[in-house]
Amino acid sequence: MWRSGLRGGRIGGETRRSFDPDFRAGAVRIVHETRKSIASVAKDLGINAGTPANWMQMDRLARERDTDGELSESEREELVRLRRQRAAWAKERAELEMERDSSSARWSCG
């Protein structure tokens, strides 16, 4: 099935396999879509786990370059939500600290 993406070459007496871009893209897509581990997908494809791991890293770097550092709309919304949540937690923490400090001050006076 996937073996058609295989090409071979000889390096230092060993046969080194190379894979065409469609095969690489397909392996990356399988990892993303199935949420299987890279090692599991590599085993299914009959290749070393480090190979698709490298392809995943190259794909991630390519995606990061494509966005030019800009956040998507959903990422901006999540950032706003997380900042609000952090502010609420900071306020709650400050209130709890003030309550703790006033409580311990009352007990230490007596």
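Whatever comes next refers back to the structure up there.
Presented here is an overview of the structure given in this document.

Criteria and cut-off values
Numbers given to residues run from 1 along each chain, matching the order in which its sequence is written. Whole-chain, interface and lining totals are the exception, using all residues; otherwise, since this is a predicted model, local features are given only for residues with pLDDT of at least 70 and side-chain atom pairs are given and counted only at 80 or more. Side-chain measures here rest on the full set of heavy atoms in the structure, leaving out hydrogens and waters. For the purposes of this entry, the term helix denotes a DSSP run of H or I that reaches at least four residues, the term strand denotes a run of E that reaches at least two, and both are numbered from the N terminus. Note on contacts: a residue pair qualifies if any of its non-hydrogen atoms lie within 4.5 Å across the two residues. Any Lys or Arg side-chain nitrogen found within 4 Å of a carboxyl oxygen on Asp or Glu counts as a salt bridge. When a residue's accessible area, from a 1.4 Å probe over protein chains only, is under 20% of the maximum for its type it is buried; when over 50% it is exposed; and in between it is partly exposed. N or O atoms within 3.5 Å of each other form a polar contact, as long as, within protein, one can give a hydrogen and the other can take it, and as long as residues adjacent in sequence are counted only when both atoms are side-chain atoms. Fitted lines through C-alpha atoms serve as axes, helices being fitted only where they are in contact, and the angles separating the N-to-C directions of these axes extend from 0 to 180 degrees. Comment on the angle field: the value is read as roughly parallel under 35 degrees, roughly antiparallel over 145, roughly perpendicular from 65 to 115, and oblique elsewhere. With the far helix as reference, a near helix turned anticlockwise by less than a right angle produces a left-handed crossing, and one turned clockwise produces a right-handed crossing. The directions from the helix axis to the C-beta atoms form the arc being described. What makes a nonpolar core is a set of buried Ala, Val, Leu, Ile, Met, Phe, Trp, Tyr and Cys residues whose side-chain atoms join them at distances within 4.5 Å.

1. Topic: the environment of Met56
Here Met56 shows up in helix 3 (residues 50-67). Between the alpha carbons of Met56 and Arg29 there is a distance of 9.2 Å; along the sequence they are 27 residues apart. Excluding residues within four positions of it along the chain, Met56 makes contact with Val28, Val31, His32 and Ile38.

2. Some thoughts on the pattern of salt bridges
Counted under the stated rule, the structure contains seven salt bridges. For Arg93, the salt bridge is made with Glu97, and the minimal N-O distance between the two is 3.1 Å. A residue pair is termed a helical-turn pair when its members lie 3 or 4 positions apart in one helix, as Arg93 and Glu97 do in helix 4 (residues 73-108) at four residues. On the accessibility criterion, Arg93 (56% relative accessible area) is exposed.

3. Observations regarding the environment of Phe19
Along the chain, Phe19 turns up in strand 2 (residues 14-19). On the basis of relative accessibility, which here comes to 7%, the residue Phe19 falls in the buried class. Between the C-alpha atoms of Phe19 and Thr51, which are 32 residues apart in sequence, the distance is 9.9 Å.

4. Considerations on the side chain of Asp59
Examined against the element boundaries, Asp59 turns out to sit in helix 3. Within the local environment of Asp59, its side chain forms a polar contact with the side chain of His32, the two groups lying 3.3 Å apart. In this view, Asp59 contacts Val28 and His32; residues no more than four positions away in its chain are not counted.

5. Examining the packing of helix 1 (residues 21-34) against helix 2 (residues 38-45)
Put simply, helix 1 and helix 2 touch, their axes get as near as 9 Å, and they point 135° apart. Compared by their axis directions, helix 1 and helix 2 come out oblique. The chirality of how helix 1 crosses helix 2 is right-handed. Of the residues in helix 2, those in contact with Phe23, Ala27, Ile30 and Val31 of helix 1 are Ile38, Val41 and Leu45.

6. Describing helix 2
Taken residue by residue, helix 2 has Val41, Ala42 and Leu45 as its buried positions. The buried residues of helix 2 occupy an angular sector of 100° when the element is viewed end-on, so they sit on one face. In helix 2, the exposed residues that point more than 90 degrees away from the buried face are Lys43 and Asp44. Just downstream of helix 2 lies Gly46, where phi reads positive at about 75°.

7. So, the nonpolar core
Of all hydrophobic cores here, the largest spans 11 residues; its members are Phe19, Phe23, Ala27, Val28, Val31, Val41, Ala42, Leu45, Ile47, Trp55 and Met56. Elements with a contribution of two residues or more to this core: helix 1, helix 2 and helix 3. In this view, Val31 contacts Lys36, Ile38, Val41 and Met56; residues no more than four positions away in its chain are not counted.

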